[in-house]
Amino acid sequence: MTVSSQHALAAAPSAEWLTAARRARVLSWISLVWMGLEGTIAVTAGVLAGSIALVAFGIDSAIEGFASLVIVWRFTGHRLLSEVAEQRAQKLVAVQFFLLAPYVAAEAGHALVTGEQPETSWLGIALVTTSLVGMPVLGVAKRRLADTLGSVATRGEGTQNLLCAYLAAAVLAGLLGNALFGLWWLDPVAALVVAGVAVREGLASWRGEGCADCC
């Protein structure tokens, strides 16, 4: 937690701050429902097609859903103005990044070594396309609210939404490359790229970095 972030929470909240907190909570509820549906569909489609990138996308959705739940918790009740709650939420959101990376990296490496080729999944292609469009909208909105709130935790959740969009783009490239050109290796390579980004963003969130008005 940075010094300016502590000051933002310690001061009496303005009407703008309280409105931003409510909006952050609403957006997190929307994300929670979205991630639940997306994760279930993605994992099912990934298992059926044998696509590690698609399964990783579904697991990432579940992790993002938990992060959204953390933000709902953070801005509910007596925790609304709590510095301790902000610190705990920041760490919990950061941990979610680290949960994804090891599994994805291990499975992607295994797929590259064994040469396991995923089948075409048009359901997966449609799913990741919707996330490629919708996740940036949620992510940017949350990061803007984070600057108003002085909340690294909220910014971390928004970053996860943007990471989901990056993952969607990578997975889409892999799925289309495999379906149209037989480039099966794009699937695990895409998953490895996302694993690396997840570790980087997790470290930044854990350290409390990235919030423009919190530094």
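Rules of the game
- Residues numbered from 1 in each chain as written.
- Predicted model: local features only at pLDDT ≥ 70, side-chain atom pairs only at ≥ 80, totals over all residues.
- Heavy atoms only, no water.
- Helix = DSSP H or I, 4+ residues; strand = E, 2+ residues; numbered from the N terminus.
- Buried < 20%, exposed > 50% of the residue type's maximum accessible area, 1.4 Å probe, protein only.
- Contact = heavy atoms within 4.5 Å.
- Areas by Shrake-Rupley, 256 points an atom, 1.4 Å probe, with all protein chains shown as cover.
- Patch = residues over 30% accessible without salt bridge, like charges linked within 9 Å, V, L, I, M, F, W, Y side chains within 5 Å.
- Salt bridge = Lys/Arg side-chain N within 4 Å of Asp/Glu carboxyl O.
- Axes fitted to C-alpha atoms, helices over the stretch in contact; angles between N-to-C directions.
- Parallel < 35°, antiparallel > 145°, perpendicular 65-115°, else oblique.
- Left-handed = near helix turned anticlockwise from the far one by under 90°.
- Nonpolar A, V, L, I, M, F, W, Y, C, P; charged D, E, K, R; others polar.
- Expected span 1.5 Å × (residues − 1).
- Polar contact = N/O pair within 3.5 Å; in protein donor to acceptor, adjacent residues only side chain to side chain.
- Phe/Tyr/Trp six-rings, centres within 6.5 Å; stacked < 30°, edge-to-face > 60°.
- Lys NZ or Arg CZ within 6 Å of the ring centre and 35° of its normal.

1. Overview of the overall build of the protein chain
Then comes step 1: Within the protein chain, the regular secondary structure consists of 7 helices and 0 strands.
Then comes step 2: For the protein chain, the α and β elements follow one another from N to C terminus as α-α-α-α-α-α-α.
Then comes step 3: Sorting the 215 residues of the protein chain into buried and exposed places 50% on the buried side.
Then comes step 4: The long-range fraction of contacts in the protein chain, counting pairs at least 24 apart against all pairs at least 6 apart in sequence, stands at 81%.
Then comes step 5: When the accessible area of the protein chain is evaluated, it comes to approximately 9,300 Å², of which 68% is carbon and sulfur surface.

2. Describing a nonpolar patch on the surface
Then comes step 1: Side chains of Leu 112, Trp 122, Leu 180, Phe 181, Leu 183, Trp 185, Val 189, Leu 192 and Val 193 sit close together on the surface and give an oily, nonpolar patch of about 860 Å² of accessible area.
Then comes step 2: Only α6 (152-181) and α7 (186-207) provide two or more residues apiece to the nonpolar patch.
Then comes step 3: The leading source of residues in the nonpolar patch is α7, at 3 residues.
Then comes step 4: Relative to the helices and strands, Leu 183 resides in the loop between α6 and α7.

3. Quick notes on the side chain of Ser 28
Then comes step 1: The residue Ser 28 is located in helix α2 (residues 15-49) in this model.
Then comes step 2: Owing to a relative accessible area of 0%, Ser 28 belongs among the buried residues under this scheme.
Then comes step 3: Among all residues touching Ser 28, those that are not within four sequence positions of it are Ser 68, Ile 71, Val 72, Lys 142 and Glu 157.

4. Quick notes on the packing of helix α3 (residues 52-74) against helix α5 (residues 122-149)
Then comes step 1: Running from amino to carboxyl end, α3 crosses α5 at an angle of 30°, the nearest separation of the two axes being 12 Å. Judged by the angle between their axes, α3 and α5 are roughly parallel. Of the two possible hands of crossing, α3 and α5 adopt the one that is left-handed. Where α3 abuts α5, its residues Leu 54, Phe 57, Glu 64 and Ser 68 lie against Gly 124, Leu 127, Val 128, Ser 131, Met 135 and Lys 142.
Then comes step 2: For the contact of α3 with α5, a count of residues per class yields 5 nonpolar, 3 polar and 2 charged.

5. Some remarks on helix α4 (residues 83-114)
Then comes step 1: Taking 1.5 Å as the rise per residue, α4 with 32 residues should run 46 Å; its terminal C-alpha atoms sit 49 Å apart, in good agreement.
Then comes step 2: One side-chain oxygen of the residue at the start of α4 lies 3.3 Å from the amide nitrogen of Val 84, identifying that residue as Ser 82.
Then comes step 3: Once α4 finishes, Gly 115 follows within two positions and takes phi at roughly 75°, a positive value.

6. With respect to the packing of aromatic side chains
Geometry of an aromatic ring pair is reported as the spacing of the ring centres plus the angle between the planes.
Then comes step 1: For the coordinates displayed, the defined rule picks out 1 aromatic pair.
Then comes step 2: Arranged with centres 6.2 Å apart and planes meeting at 65°, the rings of Trp 17 and Phe 75 form a pair that is edge-to-face. Taken together, the residues Trp 17 in helix α2 and Phe 75 in the loop between α3 and α4 connect sequence positions 58 residues apart.
Then comes step 3: Sitting over the face of the ring of Phe 75, Arg 74 holds its NZ or CZ atom 4.4 Å from the ring centroid.

7. A closer look at α6
Then comes step 1: For α6, which comprises 30 residues, the first-to-last C-alpha distance of 42 Å matches the rise-based estimate of 44 Å (1.5 Å per residue) to within 8%.
Then comes step 2: Burial analysis of α6 places 23 of its 30 residues in the buried class, the great majority of the element.
Then comes step 3: Gly 182 sits one or two positions beyond α6 and adopts a positive phi of about 70°.

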